[in-house]
Amino acid sequence: MSQTIKLYGKMLTFSRLKIYENNLIDIKNQLQQMLDNNPISNELPIVIDSEVELELDTLIDVLWSMNVQPIGVVSGVLNDQAKELKLAIFPADGKRIERLPNTDKPSTPAPQSEPAPPANKPNDKTLEVNDKTLEVVDAPVQAVATSTQSTTLITAQDHSIKLASGIHTQMLRSGQSLQHLGGDLTIIGGVNDGAEAITDNSLHIYGRGLGRLVAGATGDKNARIFCQKFNPSLVSVAGTFCLRDAIPAEMIDQPVQVTYDEENGLIFTLLKQL
């Protein structure tokens, strides 16, 4: 009998839409402002995380009209409506992760044609209007039961997007998450257990790489991970991941490059062999 399906694990990066008020007009207006300033917002897959009751079916219609793809909800007040609509229900976080900005400016400056933002402009993750706050938090979600990976985000391989590399010059401590979209991410200082470093391009770590190391988060199969002292709890490139117990023993605590291959999955190579 020929194989009909294949079941395996994937690391997929969704954005989380955090909702604090149930005014759908305000939600739409504030989210539209965020999407207008986001170069990868086209067909953005999101998980809805609401602290208040609202009309979920109406919200979903609004999101689709904005070219945003609702995948499911975070477990909470919308569970019953999500079940009726046959949406996925993701477990709530056990602990909030501290999200860090890059400590250095991107290596590629922003185009001069774009005016500098005013000093009182909120960041691109939160927006406050009339005492209402909407937050979009990028968070990795482990998904199963998928036979192909469909890339719904515009990746950095789209040459119409100007790449900007991110540099972080401090150690990532347990509970911290550093995420960068639109270019390579370089960390000088290392990543501790319980921390995570995520980028949609290649990841460079000058120091010890523990915790979760994710490159090609939006599906870039050419992304790579370079780590000076490699021993992560989880490593992922282009959505394919490997846990520490499955990493070849000869790679542990060595300088390593991790790449992705269509037939073989993750490829681990000692840098001294290159």
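Everything that follows concerns the structure shown earlier in this document.
(A) Molecular detail of the environment of Lys-229. Looking at the element boundaries, Lys-229 is found in strand E14 (residues 225-230). In this structure, the C-alpha to C-alpha distance between Lys-229 and Asp-253, residues 24 residues apart in sequence, is 4.6 Å. In this view, Lys-229 contacts Gly-207, Arg-208, Gly-209, Asp-253 and Gln-254; residues no more than four positions away in its chain are not counted.

(B) Highlighting the sheet that holds E14. Taken in spatial order, the 6 strands line up as E8-E10-E12-E14-E17-E18 in an open sheet, and their pairing is mixed. Strand pairing shows two members of the sheet lacking a second neighbour, strand E8 (166-168) and strand E18 (265-270), which therefore form its edges. For this sheet the average axis-to-axis angle between neighbouring strands, irrespective of direction, equals 20 degrees. Of the strand pairs in this sheet, E14 and strand E17 (residues 254-261) are connected by 4 bridges, and their pairing is antiparallel. Directly across from Ile-225, in E17, lies its bridge partner Val-258.

(C) The packing of aromatic side chains, seen in detail. Considering all chains together, one arrives at 1 aromatic pair under this definition. On the numbers, 6.0 Å between centres and 55 degrees between planes, the contact of Phe-230 with Phe-268 is tilted. Highlighted residues: Phe-230 in strand E14 and Phe-268 in strand E18, separated in sequence by 38 residues. Of the two residues, Phe-230 and Phe-268, neither departs from the other in class, the shared state being buried.

(D) Examining the nonpolar core more closely. If you look at the biggest cluster of nonpolar residues, it comprises 27 residues, and the most contacted ones within it are Leu-203, Phe-230, Val-235, Val-258 and Phe-268. Elements that contribute at least two residues to this core include exactly strand E10 (185-188), strand E12 (203-209), strand E13 (212-215), E14, strand E15 (234-237), E17 and E18. Apart from residues lying up to four places away in sequence, Val-258 is in contact with Ala-223, Arg-224, Ile-225, Phe-230, Val-235, Val-237, Leu-266, Ile-267 and Phe-268. Residues Leu-17, Leu-31, Ile-46 and Val-68 belong to the second largest nonpolar core, which totals 22 residues.

Conventions and cut-offs
- Residues numbered from 1 in each chain as written.
- Predicted model: local features only at pLDDT ≥ 70, side-chain atom pairs only at ≥ 80, totals over all residues.
- Heavy atoms only, no water.
- Helix = DSSP H or I, 4+ residues; strand = E, 2+ residues; numbered from the N terminus.
- Contact = heavy atoms within 4.5 Å.
- Pairing = 2+ DSSP bridges.
- Axes fitted to C-alpha atoms, helices over the stretch in contact; angles between N-to-C directions.
- Phe/Tyr/Trp six-rings, centres within 6.5 Å; stacked < 30°, edge-to-face > 60°.
- Buried < 20%, exposed > 50% of the residue type's maximum accessible area, 1.4 Å probe, protein only.
- Core = buried A, V, L, I, M, F, W, Y, C linked by side-chain atoms within 4.5 Å.

The analysis is restricted to geometry; functional conclusions fall outside its scope.
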